Amino acid sequence: MSIGRTLALDHLPVELLYDIYTLSLSPALPLTCKYFHAVFKAAPPTLHAEYLIRCYEDAAANSASARALGLISKVLRYPICTRQVLEAILHSPECPYIPPPNDPQRRPTILPRHLFRNLTPRDLPHQRPWTEYDEPLPFLGFLYNDPRIPPPASDSHDGYALTRAVYAGFTPLVRFLLENDASPACRGNLAVTVAIRRKSLPLVRMLIERDGPGAADEVKAKGSKKRKLSVMEEDESEGTNIKATSGSGKTRGAKRRKLGDRVSVKPDMLRAAVKCNAHDIAEYLMREKGCVPDMQTVLMMGR
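In short, a report on the structure. The shown structure was predicted, so the numbers you read here are calculated from the model rather than taken from an experiment. (Residues numbered from 1 in each chain as written. Predicted model: local features only at pLDDT ≥ 70, side-chain atom pairs only at ≥ 80, totals over all residues. Heavy atoms only, no water.)

Examining the overall build of the protein
So, point 1. Within the protein, the regular secondary structure consists of 16 helices and 4 strands.
So, point 2. Taking all 303 residues of the protein together, 40% fall into the buried category.
So, point 3. Relative to all contacts within the protein whose residues are 6 or more apart in sequence, the contacts with residues 24 or more apart total 65%.
So, point 4. Working note: accessible area of the protein is about 18,300 Å², and carbon and sulfur atoms make up 54% of it. (Helix = DSSP H or I, 4+ residues; strand = E, 2+ residues; numbered from the N terminus. Buried < 20%, exposed > 50% of the residue type's maximum accessible area, 1.4 Å probe, protein only. Contact = heavy atoms within 4.5 Å. Areas by Shrake-Rupley, 256 points an atom, 1.4 Å probe, with all protein chains shown as cover.)

And the structure:
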């Protein structure tokens, strides 16, 4: 019999470590050492799904706020909740009850901040520009399109997602959020102010105007054929003239309704544009949006 021999956790089989992980519900266990971190990082999605289900059930049993938050909003707070893990949760026989679409108790899904926290600008020449294939856009597409998941609230945490996307210059993500009813008006038009400080006139236009860049895609994504026909009928009675082609090949007069802006332009936006020397944005706000500068802005322009 050997003397002084101890059996540590890192000597246990991986299967036992998995059981300890799901039973202890300790978020610190994978961070105990490099070996544990590697073990749980390579764990299958079903294990993380079981862990998150147990975490939600434990929180819901002791907290009314956790029950009101709902399963999806709760598990999304964990960085380990990837698309594969979330699909494993939805397919698990132990998955807690999720209210169906017509249930009045079905609450929107809260988008966690950590999905957008690491978004940074890619303005340097050697940096690859943002595309629709960059995370978190593919994951968001899954969250918004899966019928089992309650529709996400695009303005979660006072519009944090949109503001962060504008800060990073992530144009595809900005367009996606706007198409899904994100409002640039959150926190005193903070997203517009960030776009102005970036000196990005295309982003400012996209945030303010519903008829701006990407508006056609928004109508295409949201509208059904029946809705489009009704919009065309309304367009015949009001709006501005555009050209359309009839069956005989001749052009005839048609009308298109101009959509209202998402936010109203205010003098503080113009002041921010003048302050950061964004002359094209300042001219756009004054000439196209009719923004009248206040006395403080006039004095800044005269310097």
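Still more to cover.
A few points about the packing of aromatic side chains
So, point 1. The final tally for this structure, using the stated rule, is 8 aromatic pairs.
So, point 2. Aromatic pair Tyr35 and Phe36: ring centres 6.0 Å apart, planes at 45°, arrangement tilted.
So, point 3. Seen in terms of ring centroids, Tyr51 and Tyr78 are 6.4 Å apart; in terms of plane orientation they differ by 85°. Their pairing is edge-to-face. Here Tyr78 lies in the loop between helix 5 (71-75) and helix 6 (83-91) and Tyr51 lies in helix 3 (residues 45-62), a separation of 27 residues in the sequence.
So, point 4. Looking at Tyr51, the relative accessible area reads 2%, which means it is buried.
So, point 5. Here a set of aromatic residues connected by ring pairs shows up, and it is made of Tyr18, Tyr21, Tyr35, Phe36, Phe40, Tyr51 and Tyr78.
So, point 6. Cation over ring: Arg122 sits above Trp130, and NZ or CZ is 3.7 Å from the ring centre. (Phe/Tyr/Trp six-rings, centres within 6.5 Å; stacked < 30°, edge-to-face > 60°. Lys NZ or Arg CZ within 6 Å of the ring centre and 35° of its normal.)

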